[in-house]
Amino acid sequence: MSEENVEVARRGYEHFIKTGDILAEIFDPDFLLDMSTFRGWPERQNYPGVEGFRVFLSDWLEAWEDYEFTLEELHDAGDKVVAVVRQGGVSKATGVPVEMHLAHVLTFREGKQIRQEMYASADEALEAAGLRE
């Protein structure tokens, strides 16, 4: 099942890169985007459901000009997948170019993504998923 989770995650990221939207069919109805794991995140901590994720994305993408998102790596962790990503653009507020390397821990249940946690670094996410001590 874990290889299937990696492929589902890959499809979801590829869809986002192409369209700027999430691939709703890969999410469990009880999905939760959990931002509490991202140090210093000042906004809402939890975004429930596909619509909650879309609210987060809309708010996030509104802040950028020339936004770019790249999937760099996917790591299999059983019912979890760690995605290492790079994103950035030009801040609309400051006009300053910004590039960030982040990681997501995606949790799956029966082939559907049920949770996504954000981390400021790949090491933090890999540790959270049990792939590093």
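Going by the structure above, here's the rest.
Overview of the structure. (Residues numbered from 1 in each chain as written. Predicted model: local features only at pLDDT ≥ 70, side-chain atom pairs only at ≥ 80, totals over all residues. Heavy atoms only, no water.)

With respect to the pattern of salt bridges
Opposite charge on two side chains allows them to pair when their charged atoms are near.
Okay, so step 1: Here the structure, examined in full by the defined rule, presents 11 salt bridges.
Okay, so step 2: One salt bridge in this structure joins Arg 11 and Glu 25, with 3.0 Å as the shortest N-O distance. Within this pair, whereas Arg 11 is found in helix α1 (residues 2–19), its partner Glu 25 is found in the loop between α1 and β1 (27–34), the two being separated by 14 residues in sequence.
Okay, so step 3: Taking the shortest distance from any N to any O, the salt bridge between Lys 92 and Glu 62 comes out at 3.5 Å. Taken together, the residues span a long stretch of sequence, with Lys 92 in the loop between β4 (80–91) and β5 (97–109) and Glu 62 in helix α2 (residues 49–62) at a distance of 30 residues.
Okay, so step 4: Take Glu 62: its relative accessible area is 53%, and that puts it in the exposed class.
Okay, so step 5: Members of the salt-bridge network, linked through shared partners, are Asp 21, Glu 51 and Arg 54. (Salt bridge = Lys/Arg side-chain N within 4 Å of Asp/Glu carboxyl O. Helix = DSSP H or I, 4+ residues; strand = E, 2+ residues; numbered from the N terminus. Buried < 20%, exposed > 50% of the residue type's maximum accessible area, 1.4 Å probe, protein only.)

Observations concerning α2
Okay, so step 1: For α2, spanning 14 residues, the distance from its first C-alpha to its last is 20 Å, which sits close to the expected 20 Å at 1.5 Å a residue.
Okay, so step 2: Looking only at α2, the buried set comprises Gly 49, Val 50, Gly 52, Phe 53, Phe 56, Leu 57 and Trp 60. Taken down its axis, α2 places every buried residue within 160° of arc, on the same side. Relative to its buried face, α2 has exposed residues pointing more than 90 degrees away, namely Glu 51, Asp 59 and Glu 62. (Expected span 1.5 Å × (residues − 1). Arc of directions from axis to C-beta.)

Regarding the pairing of β1
Okay, so step 1: Counting buried residues along β1, six of its eight residues qualify, which places the element largely inside the surrounding structure.
Okay, so step 2: For β1 and strand β6 (residues 112–119), the ladder comprises four bridges, and the chain directions are parallel. If you follow Leu 32 over to β6, its bridge partner there is Arg 115.
Okay, so step 3: The sheet contact formed by β1 and strand β2 (residues 46–48) spans three bridges and is antiparallel. Paired with Leu 32 across the bridge in β2 is Pro 48. (Pairing = 2+ DSSP bridges.)

Notes on the packing of aromatic side chains
Okay, so step 1: Tallied over the entire structure, the rule returns nine aromatic pairs.
Okay, so step 2: Judged by centre distance (5.1 Å) and plane angle (85°), the ring pair of Phe 16 and Phe 69 falls under edge-to-face. Of the two residues, Phe 16 is situated in helix α1 and Phe 69 in strand β3 (residues 64–77); the sequence distance between them amounts to 53 residues. Accessibility assignment for this pair places Phe 16 and Phe 69 in one class, buried.
Okay, so step 3: Taking the centre distance of 6.4 Å and the plane angle of 10° together, the rings of Phe 56 and Trp 60 count as stacked. Of the two residues, Phe 56 and Trp 60 are both situated in helix α2; the distance of four residues between them amounts to about one turn of the helix. Summarising the burial analysis for this pair, Phe 56 and Trp 60 share the class buried. (Phe/Tyr/Trp six-rings, centres within 6.5 Å; stacked < 30°, edge-to-face > 60°.)

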